[in-house]
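# Residue-level structure breakdown
These are the residues of each chain, in order.
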Amino acid sequence: MTVTFPLTEKRDAEALLKHLTMHKLSCPGNCVVSLKVHVAHVSSSHTTALGTARTAW
């Protein structure tokens, strides 16, 4: 499953990685993060954790 996370000045890539860790997702452990200019695409087979992380973002 791949989910898109919007990025802003306050919610940057570093904040996203910390947020994913809080939801037991770690890169490169069990997810893959692809950074673009204003979004990050996160892929993981842990769909429940990924969905929860996206909702909480």
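No experiment lies behind these values; they were computed from the predicted model shown.

### Observations regarding the overall build of the chain
Counting its secondary structure elements, the chain contains 2 helices and 3 strands. Moving toward the C terminus, one meets the helices and strands of the chain in the order β-α-β-β-α. Its C-alpha atoms give the chain a radius of gyration of 10 Å, near enough to 10 Å, the size a compact globule of 57 residues would have. Viewed in the frame of its principal axes, the chain has a C-alpha envelope of about 25 × 20 × 20 Å.

### Topic: the nonpolar core
Counting 12 residues, the largest nonpolar core consists of V3, F5, L7, L16, L20, L25, C31, A40, V42, L50, A53 and W57. For this core, the secondary-structure elements that each account for two or more residues are β1 (2-6), α1 (13-22), β3 (39-44) and α2 (47-56). Those residues in contact with A40, other than ones at most four positions away along the chain, are V3, T4, F5, L7, L16, V33, S34 and L35.

### Considerations on the pairing of β1
Of the two faces of β1, only the one carrying V3 and F5 is buried; T2, T4 and P6 on the other face are not. Pairing between β1 and β3: 5 bridges, direction antiparallel. Bridge pairing links T2 to S43 in β3.

Scoring rules and cut-offs
Residues numbered from 1 in each chain as written. Predicted model: local features only at pLDDT ≥ 70, side-chain atom pairs only at ≥ 80, totals over all residues. Heavy atoms only, no water. Helix = DSSP H or I, 4+ residues; strand = E, 2+ residues; numbered from the N terminus. Rg over C-alpha atoms; globule rule 2.2 N^0.38 Å. Core = buried A, V, L, I, M, F, W, Y, C linked by side-chain atoms within 4.5 Å. Buried < 20%, exposed > 50% of the residue type's maximum accessible area, 1.4 Å probe, protein only. Contact = heavy atoms within 4.5 Å. Pairing = 2+ DSSP bridges.

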